[in-house]
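The chain contents come next:
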Amino acid sequence: QVQLVESGGGLVQAGGSLRLSCAASGRTFSSYVMGWFRQAPGKEREFVAAITETGRNTYYADFVKGRFTISRDNAKNTVYLQMNSLKPEDAAVYYCAAGSRVTSSRRDYDYWGQGTQVTVSS
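Cut-offs applied
- Residues numbered from 1 in each chain as written.
- Predicted model: local features only at pLDDT ≥ 70, side-chain atom pairs only at ≥ 80, totals over all residues.
- Heavy atoms only, no water.
- Pairing = 2+ DSSP bridges.
- Helix = DSSP H or I, 4+ residues; strand = E, 2+ residues; numbered from the N terminus.
- Axes fitted to C-alpha atoms, helices over the stretch in contact; angles between N-to-C directions.
- Disulfide = S-S within 2.5 Å.
- Buried < 20%, exposed > 50% of the residue type's maximum accessible area, 1.4 Å probe, protein only.
- Salt bridge = Lys/Arg side-chain N within 4 Å of Asp/Glu carboxyl O.

1. Points about the sheet that holds strand β7 (residues 68–73)
Then comes step 1: The four strands are arranged β1-β3-β8-β7 in an open sheet whose pairing can be described as antiparallel. Strand pairing shows two members of the sheet lacking a second neighbour, β1 (4–7) and β7, which therefore form its edges. Direction aside, the axes of adjacent strands within the sheet are offset by 15° on average.
Then comes step 2: Note: β7 against strand β8 (residues 78–83), six bridges, orientation antiparallel. Within β8, the position partnered with Asp 73 by the bridge is Thr 78.

2. A word on the state of the cysteines
Then comes step 1: Under the criterion given, the structure shown has one disulfide.
Then comes step 2: At a sulfur-sulfur separation of 1.9 Å, the disulfide partner of Cys 22 is Cys 96. Judged by the torsion about the S-S bond (45°), the Cys 22/Cys 96 disulfide is right-handed. Within this pair, whereas Cys 22 is found in strand β3 (residues 18–24), its partner Cys 96 is found in strand β9 (residues 92–99), the two being separated by 74 residues in sequence. Considered together, Cys 22 and Cys 96 belong to a single accessibility category, that of buried residues.

3. Describing the pattern of salt bridges
Then comes step 1: For the structure shown, the criterion picks out six salt bridges.
Then comes step 2: With a closest N to O distance of 3.0 Å, Asp 108 and Arg 101 form a salt bridge.
Then comes step 3: For Asp 108, a relative accessible area of 24% translates into the label partly exposed.
Then comes step 4: Its relative accessible area of 48% is what places Arg 101 among the partly exposed residues.
Then comes step 5: Linked by salt bridges that have partners in common, Arg 38, Glu 46, Arg 67 and Asp 90 make up one network.

Worth remembering: the numbers are spatial, not functional.
The structure is reproduced here in structure tokens:
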């Protein structure tokens, strides 16, 4: 069992940056693939980024490549999402998730946080 708690969301102007954090409970954090997803009002939850257990490999949705960076610190049981050059269309609730394999499908992640709101003003 893993419990996930996101933080770091807020209001930022277009072009600005935010760093999201997701703290995990339990001693098995390093055995999970971690992902970030987002959901805007009226839209499906969509994949943003994922990182393998050791952090060696990362994967991104095309719409965030070059702007967002996912990373993890297994000693701190935390995964991060650095978001730069934010656009109004990036506004959403951002969720972190833990799973057993790298995938962009939300159905393959077993554990989810409660989400953190990101608002981008134009």
